[in-house]
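Listed below are the residues making up each chain.
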Amino acid sequence: MTQSTQNTPPADDGTVSFGYEQVTPEDKTRRVGELFTSVAKKYDIMNDAMSLGMHRGWKDRFVKRVKPQPGERILDMAGGTGDIAFRMADRGADITVADITQGMLDVGAERAMEREEGPDTGSLVFTCQNAEEVDFASNSFDAYTIVFGIRNVTYKEKALAEAHRVLRPGGRFYCMEFSTTEWSGFREAYDLYSNQIMPRMGQVIAGDADSYRYLVESIRKFPTLPEFERMIRGAGFVNTKVESILGGAVAIHSGWKI
């Protein structure tokens, strides 16, 4: 979590950003997969440590906005370890959890086997997918969710276009992502925490400082709130909204397919 700066477009030489480094699109996809494979087993523990537990409340708030209903089909993209999917399944929705990293899906499937299910719990399916080109039919889902994942997608416009394609008319799109905080004082403290403390915590807890240094950099490279809302509208969504948390350090984006 840190202050975001303006999104950087692809370079003239065809490279894309992997944090502050320019790499080929294929290399970014591979390295993102390796990164999350590396941290998969410690991912949820690190989320607790780095957000001081606040991510749980943010996720509860997110699911309340989605309002999953019994029997609805929801695609939870970049859903990895199942945090969002479990909350929605507990409300009776049928969830397809998709992620580009099999290691994250393996952790989520293992957690799914261990959780207690009530009589009204919806179904859960785990599948390895690239958000830029999923293999689901058009007009298949009632809702599409992606939480703290789209900033790691190489071509975000493609992922948004796919989200629009697989949603049924009347379907809803919800995304929660880190962005820019506008709170003076807090912004500076947040930058210091992100740059100095987060990588060290990654090293201590997950044995991987570099991955968490990249995560900080990926947030800095992510579009501002207005820029990302324009990207969502550009994919065809209407009635778009942005709900900021912590002065915009975290934001919930939403839109509808008509």
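Engineer: What am I meant to see in the side chain of histidine 164 here?
Structural biologist: Within the secondary structure, histidine 164 is located in helix α6 (residues 156-166). For histidine 164, the side chain forms a polar contact with the main-chain oxygen of glycine 236, separated by 3.4 Å.

Engineer: Where do I start with the nonpolar core in this structure?
Structural biologist: Across soluble globular proteins, you tend to see nonpolar side chains buried next to one another. Among the nonpolar cores identified, the biggest contains 46 residues, and Phe36, Trp58, Phe62, Ile95 and Met176 are the most heavily contacted of them. The element contributing the most residues to this core is helix α8 (residues 209-220), with 5 residues. Not counting residues within four places of it along the chain, the set of residues in contact with phenylalanine 62 comprises Ile84, Thr145, Val147, Tyr174, Cys175, Met176 and Ile252. Val134, Tyr144, Ile146 and Val153 belong to the second-largest nonpolar core, a separate cluster that totals 24 residues.

Engineer: In this structure, what is going on with the environment of glycine 202? I would like to understand it.
Structural biologist: Note on placement: glycine 202 falls in helix α7 (residues 186-206). Note on glycine 202: relative accessible area 0%, which makes it buried. Taking the C-alpha atoms as reference, glycine 202 lies 22 Å from phenylalanine 186; in sequence the two are 16 residues apart. In this view, glycine 202 contacts Met46, Gly207, Asp208, Ala209 and Tyr212; residues no more than four positions away in its chain are not counted.

Engineer: Help me understand helix α9 (residues 225-234), please; the structure alone is not making it clear to me.
Structural biologist: Residues spaced three or four apart along an α-helix point in a common direction, a consequence of the helix completing one turn every 3.6 residues. When we look at burial in α9, the residues that qualify are Leu225, Glu227, Phe228, Glu229, Met231 and Ile232. Residues of α9 that are buried make contact with α6, β7 (167-178), β8 (238-245) and β9 (250-256). A positive phi of about 110 degrees marks glycine 236, the residue just after α9.

The rules we used
Residues numbered from 1 in each chain as written. Predicted model: local features only at pLDDT ≥ 70, side-chain atom pairs only at ≥ 80, totals over all residues. Heavy atoms only, no water. Helix = DSSP H or I, 4+ residues; strand = E, 2+ residues; numbered from the N terminus. Polar contact = N/O pair within 3.5 Å; in protein donor to acceptor, adjacent residues only side chain to side chain. Core = buried A, V, L, I, M, F, W, Y, C linked by side-chain atoms within 4.5 Å. Buried < 20%, exposed > 50% of the residue type's maximum accessible area, 1.4 Å probe, protein only. Contact = heavy atoms within 4.5 Å.

Geometric descriptors of this kind do not, in isolation, establish any biological role.
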